[in-house]
Amino acid sequence: MIQAVIFDLDGVIVDTAHYHFVAWQRLARELGITFTEHDNERLKGVSRMRSLEIILEIGGVSLSEEKKEELATKKNTWFVEYIEAIKPEEVFPGVPQMLQQLRAQNYKVALASSSKNAETVIRLLQIGHLFDAIVDGTMITHTKPDPEIFLLAAKKINEAPANCVVFEDAEAGVEAALAAGMKCVGVGSPAQLGKANFIVAKTAEFDLGKLQGL
Ligand code: B16
Ligand code: MG
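Before going into details, it helps to say that this report is about the structure given with it. Every value quoted in this text rests on a predicted model; they were computed, and no experiment measured them. (Residues numbered from 1 in each chain as written. Chains lettered and ligands numbered in written order. Predicted model: local features only at pLDDT ≥ 70, side-chain atom pairs only at ≥ 80, totals over all residues. Heavy atoms only, no water.)

On to the overall build of the protein. Counting secondary structure elements, the protein contains nine helices and six strands. Relative to its length of 214 residues, the protein is compact, with a C-alpha radius of gyration of 17 Å against a globular reference of 17 Å. In terms of its C-alpha atoms, the protein occupies a principal-axis envelope of roughly 50 × 30 × 30 Å. Within the span of the protein, comprising 214 residues, buried residues form 49% of the whole. Entry remark: accessible area of the protein is about 10,000 Å², with carbon and sulfur atoms responsible for 50%. (Helix = DSSP H or I, 4+ residues; strand = E, 2+ residues; numbered from the N terminus. Rg over C-alpha atoms; globule rule 2.2 N^0.38 Å. Buried < 20%, exposed > 50% of the residue type's maximum accessible area, 1.4 Å probe, protein only. Areas by Shrake-Rupley, 256 points an atom, 1.4 Å probe, with all protein chains shown as cover.)

It is worth spelling out helix α3 (residues 48–59) at this point. Taking 1.5 Å as the rise per residue, α3 with twelve residues should run 16 Å; its terminal C-alpha atoms sit 17 Å apart, in good agreement. Listed as buried for α3 are Met49, Ser51, Leu52, Ile54, Ile55 and Leu56. Check the buried side of α3 and you find it contacts α1 (17–31) and α4 (65–83). Downstream of α3 by one or two residues, Gly60 has phi in the positive range, about 65 degrees. (Expected span 1.5 Å × (residues − 1). Contact = heavy atoms within 4.5 Å.)

Turning our attention to the site of ligand 1. Residues in contact with ligand 1 amount to 18 residues; listed here are only the nearest, Val46, Ser113, Ser115, Lys116 and Asn117. A distance of 2.7 Å is found between an oxygen atom of ligand 1 and a backbone nitrogen or oxygen belonging to Val46. Contacts to ligand 1 include Arg48, whose side-chain N or O atom sits 2.8 Å from an oxygen atom. For ligand 1, whose free accessible area comes to 470 Å², the fraction covered by protein is 98%. Class assignment for the residues of the shell around ligand 1 results in four nonpolar, eight polar and six charged. (Near = heavy atom within 4 Å. Polar contact = N/O pair within 3.5 Å; in protein donor to acceptor, adjacent residues only side chain to side chain. Nonpolar A, V, L, I, M, F, W, Y, C, P; charged D, E, K, R; others polar.)

Protein-derived ligands of the magnesium ion (ligand 2) are Asp8 (OD), Asp10 (O) and Asp169 (OD), with the metal-ligand distances lying across 2.0 to 2.2 Å. All donors of the magnesium ion (ligand 2) come from a single chain, and their spacing in sequence reads D-x1-D-x158-D. The same class applies to Asp8 as to Asp10, namely buried. (Donors = N, O, S within 2.8 Å, 3.2 Å for Na, K, Ca; no water.)

With that settled, consider the packing of α1 against α4. Close contact between α1 and α4 brings their axes to 9 Å; oriented N to C, the two are set at 140 degrees. As far as their axial angle goes, α4 and α1 are oblique. Helix-helix and strand crossings are classified by hand; for α1 and α4 the assignment is right-handed. Across the interface between the two elements, Tyr19, His20, Val22, Ala23, Trp24, Arg26, Leu27, Glu30 and Leu31 from α1 touch Leu71, Lys74, Lys75, Trp78, Phe79, Tyr82 and Ile83 from α4. Its residues assigned to classes, the contact of α1 with α4 comprises eleven nonpolar, one polar and four charged. (Axes fitted to C-alpha atoms, helices over the stretch in contact; angles between N-to-C directions. Parallel < 35°, antiparallel > 145°, perpendicular 65-115°, else oblique. Left-handed = near helix turned anticlockwise from the far one by under 90°.)

See below:
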């Protein structure tokens, strides 16, 4: 019996990918690397350091661990500046209502984002009160596709993984949810998220009546 729903943040609740892109592109430009919006797809759901490594791979550049730390920190400083401008209106249409409906139906609701900036984004969107627990990139050792983040979210809301459904937009996130022994609703295209139990184009398109049948 499904008792809880766990939401990813970027791509499921809000499009922070755009802000990540602008900051990564600024860094890539400094490094003389061409980094396109198409390339940015590869960064969705993966950690900050892995994102930087993908960009360096694209540019055929190899750097020391120390230099990589410095560049990742620089990108994050820009990203944090950009997201300060996020407005509550940027939350995807219908999502706050969906979270409220879930709570009204006695489902537990959690957030599980790889981002170390998730708390800031949630605060700016003014939706923190709609979650029973928030797990982010500062609390985990292994990032998606490792199931750690979803298992920790389930633990925080005191639910067995088998009773949880995850909403995810990244392939690595779908894999993480399934590896955690949870059901998964993919948000995006079937070509990318084919392993999910159900796929919708937009988060709020999902009919909550289907939760128990996943
Ligand atoms: P940060 P999610 C992920 O968020 C993003 O999709 C991914 O592009 C980003 O690299 C990652 O967070 C880390 O973000 O640099 O802010 O710690 O989809 O897991 O909510
Ligand atoms: Mg995501």
